[in-house]
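The lines below spell out each chain.
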Amino acid sequence: MSSPALGEFLRTRRARIQPAAVGLSEYGRRRMVGLRREEVAQLAGMSVDYYTRLERGQGAGFPDSVLDSVARALRLDAAEREHFYALVRPADPDYNYCPAIRPGTRRLLDSISTPAFVIGRHMEVLAWNGMGNKVFGFAAESGCNLARFTILDPGAGVFYPDWEPVAAETAAYLRRHQTRCPRDRRLTALIDELIAGNPVFHRIWSVQAAAGAPHGSRQIQHPVVGRIEFGYETLDLPGDEDQLLVVYTVDPASAASEAVDALRARELVGVH
């Protein structure tokens with residue numbers, strides 16, 4: 001069975017590399033940016049027909065040595081390489097999704113003093129702690145889905161002052177799970193809904209980002225205490241491939257810490 005996503009990914013990766021950057025002469029009239037298929041095949045040490053099969057999504061049976069050569073030719077980083085292999089060999093296309101929170105995960109959330117929550121494969125919020133609710137208002141929105149909020153809610157651009165990087169990370173997260181579980185119809189429907197509902201997200205999705213940032217900084221415009229600059233860490237939960245723990249942090253003695261302390265002292269529900 002062919003994989004259109006595999007071909008799309010490879011085309012975007014060769015389009016970003018100029019021949020001169022990899023020691024190739026630019027010959028003939030070029031009607032496209034980046035490398036031609038035959039140039040990738042030359043760099044990878046394989047026939048054009050063999051590489052074309054791969055780009056047509058027919059990667060079943062390709063040995064690791066060939067995939068490694070293509071990855072080197074296209075200068076894939078570690079996250080892109082992992083994504084490439086997953087596209088060629090989906091781990092479990094019929095994987096059943098059961099988003100249950102383990103009691104230990106629940107206790108871990110409750111032990112964290114800063115905002116923390118767990119999201120599932122479709123970016124649905126499965127559980128949160130008290131500060132997570134005070135910042136995001138999860139309890140006020142039944143079935144809260146961070147992807148729908150980020151991409152489709154008109155208020156997301158206010159809540160996330162630096163919205164586009166958040167949207168890009170949303171795309172990367174969803175693509176990661178789409179690659180793992182390509183027959184998840186609910187996930188496919190969600191992605192289609194987001195693409196149709198926001199043209200900027202459509203552009204972001206077409207970039208084919210393979211992975212989001214596992215940590216970094218994020219600004220939130222809170223309706224009660226104003227702008228808060230958080231750090232964040234995302235952690236895969238052992239034994240729960242479909243779940244991601246997100247923890248927001250603040251530097252002690254910072255304005256963000258003072259804002260979080262002010263929220264901690266309030267009974268606040270329903271921020272979104």
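About the criteria used
Residues numbered from 1 in each chain as written. Predicted model: local features only at pLDDT ≥ 70, side-chain atom pairs only at ≥ 80, totals over all residues. Heavy atoms only, no water. Helix = DSSP H or I, 4+ residues; strand = E, 2+ residues; numbered from the N terminus. Expected span 1.5 Å × (residues − 1). Buried < 20%, exposed > 50% of the residue type's maximum accessible area, 1.4 Å probe, protein only. Phe/Tyr/Trp six-rings, centres within 6.5 Å; stacked < 30°, edge-to-face > 60°. Lys NZ or Arg CZ within 6 Å of the ring centre and 35° of its normal.

**Student:** Would you explain helix 10 (residues 163-180) in this entry?
**Tutor:** An α-helix turns once per 3.6 residues; consequently, residues spaced three or four apart project the same way. Compared with an ideal rise of 1.5 Å per residue, which puts 18 residues at 26 Å, helix 10 spans 26 Å between its outermost C-alpha atoms and is within 8% of the ideal. Here helix 10 has its buried residues at Trp-163, Val-166, Ala-167, Thr-170, Ala-171, Ala-172, Tyr-173, Leu-174, Arg-175, His-177, Thr-179 and Arg-180.

**Student:** Help me understand the packing of aromatic side chains in this model?
**Tutor:** The description of an aromatic ring pair uses the distance of the two centres, along with the angle that the planes make with each other. A full pass over the atoms with the stated rule returns 15 aromatic pairs. Measuring from centroid to centroid gives 4.4 Å for Tyr-50 and Phe-62, while their planes differ by 10°, and the two rings are stacked. Taken together, the positions of Tyr-50 in helix 3 (residues 48-55) and Phe-62 in the loop between helix 3 and helix 4 (64-73) put the pair 12 residues apart, joining distant regions of the chain. Taking relative accessible area as the criterion, Tyr-50 reaches 26% and is therefore assigned partly exposed. Ring centres 6.1 Å apart and planes at 70° place the aromatic pair Phe-84 and Tyr-85 in the edge-to-face group. Residues Phe-84 and Tyr-85 agree in their burial class; the two are buried. Three or more aromatic residues link up through ring pairs in this structure, and these residues are Phe-117, Trp-128, Phe-136, Phe-138, Phe-149, Phe-159, Tyr-160, Phe-230, Tyr-232 and Tyr-248. The ring of Trp-205 has Arg-175 lying over it, and the distance from NZ or CZ to the ring centre is 3.8 Å. Sitting above the plane of the Tyr-232 ring, Arg-218 keeps its charged end 4.6 Å from the centroid.

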